[in-house]
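Descriptive analysis of the structure
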Amino acid sequence: MSCNGCRVLRKGCGESCVLRPCLQTIETAEAQGHATVFVSKFFGRAGLMSFISAVPESKRAAVFQSLLFEAAGRTINPVNGAVGLLWTGNWPVCEAAVETVLRGGALKPIPPELAG
């Protein structure tokens, strides 16, 4: 049976699936699907699979989480992304954006004065 990531991407899935281990840190099946769709829309399906496949299996979950935070950060702060939010002390805004994505909500850019 396909993992939740492959299911939402409408991609075949097997024992050697690169997404399955990445999604195990996300609690619900629905949240796994939302995260996969969001990251794949931002980086592209092929780009997502390429990024994940380029690292050892033990690091793939961390890469997926990094891509999720960067995609959320770039969506709400297009100029500086997640790093800019961290640097300006607005990291909770990035964390809230990721939580919104996991719940299936939509993100909008934050006003420049809040972005730092």
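Residues numbered from 1 in each chain as written. Predicted model: local features only at pLDDT ≥ 70, side-chain atom pairs only at ≥ 80, totals over all residues. Heavy atoms only, no water.

For the protein, the count of helices and strands is eight helices and zero strands. Each helix (α) and strand (β) of the protein, taken in turn from the N terminus, gives the series α-α-α-α-α-α-α-α. On C-alpha atoms alone, the protein measures out to a radius of gyration of 14 Å, which is about the 13 Å that the 2.2 N^0.38 rule sets for 116 residues. The principal-axis extents of the C-alpha atoms in the protein amount to approximately 45 × 25 × 20 Å. Residues classed as buried in the protein amount to 41% of the 116 residues present. Expressed as a percentage of contacts within the protein between residues at least 6 apart in sequence, the contacts between residues at least 24 apart total 55%. Put simply, the protein shows about 6700 Å² of open surface, and 57% of that area lies on carbon and sulfur atoms. Averaging the coordinates of the 11 positive side-chain charges in the protein and doing the same for the 8 negative ones gives two points 9 Å apart. (Helix = DSSP H or I, 4+ residues; strand = E, 2+ residues; numbered from the N terminus. Rg over C-alpha atoms; globule rule 2.2 N^0.38 Å. Buried < 20%, exposed > 50% of the residue type's maximum accessible area, 1.4 Å probe, protein only. Contact = heavy atoms within 4.5 Å. Areas by Shrake-Rupley, 256 points an atom, 1.4 Å probe, with all protein chains shown as cover. Lys, Arg positive; Asp, Glu negative; His and termini not counted. Charge placed at Lys NZ, Arg CZ, Asp CG, Glu CD.)

Taken N-terminus to C-terminus, the directions of helix H3 (residues 29–43) and helix H5 (residues 60–76) make an angle of 65 degrees; their axes are 9 Å apart at the nearest point. Comparing the axis directions of H3 and H5 gives the class roughly perpendicular. Considering the relative orientation of H3 and H5, their crossing is left-handed. The segment H3 lies against H5, with Ala-35, Thr-36, Phe-38, Val-39, Phe-42 and Phe-43 engaging Phe-64, Leu-67, Leu-68, Glu-70, Ala-71, Ala-72, Arg-74 and Thr-75. (Axes fitted to C-alpha atoms, helices over the stretch in contact; angles between N-to-C directions. Parallel < 35°, antiparallel > 145°, perpendicular 65-115°, else oblique. Left-handed = near helix turned anticlockwise from the far one by under 90°.)

As a further point, take the packing of aromatic side chains. A complete count under the given rule lists three aromatic pairs for this structure. Within the aromatic cluster, the residues linked to one another by ring pairs are Phe-42, Phe-43 and Phe-51. (Phe/Tyr/Trp six-rings, centres within 6.5 Å; stacked < 30°, edge-to-face > 60°.)

With that out of the way, let us pick up unusual backbone geometry. In this structure, Arg-10 is a non-glycine residue whose phi angle is positive, near 55 degrees. With respect to the element layout, Arg-10 can be found in the loop between helix H1 (4–9) and helix H2 (20–23).

Attention now moves to the nonpolar core. Counting 32 residues, the largest nonpolar core has Leu-19, Ile-52, Phe-64 and Leu-68 as its most contacted members. Put simply, the parts of the chain that give this core at least two residues each are H1, H2, H3, helix H4 (45–53), H5, helix H6 (81–87) and helix H7 (91–103). Among the elements that take part in this core, H5 stands out by supplying seven residues, more than any other. For Leu-19, the contacting residues outside a window of four places in its chain are Cys-3, Gly-5, Cys-6, Leu-9, Thr-36, Leu-48, Met-49, Ile-52 and Phe-64. (Core = buried A, V, L, I, M, F, W, Y, C linked by side-chain atoms within 4.5 Å.)

Summarising the element assignment, Cys-94 is placed in helix H7. Separated by 72 residues in sequence, Cys-94 and Cys-22 have C-alpha atoms that sit 20 Å apart. Leave out the neighbours within four places in its chain, and Cys-94 touches Phe-69, Gly-73, Ile-76, Ala-82 and Leu-85.

In short, shape yes, function no, at least from these values alone.
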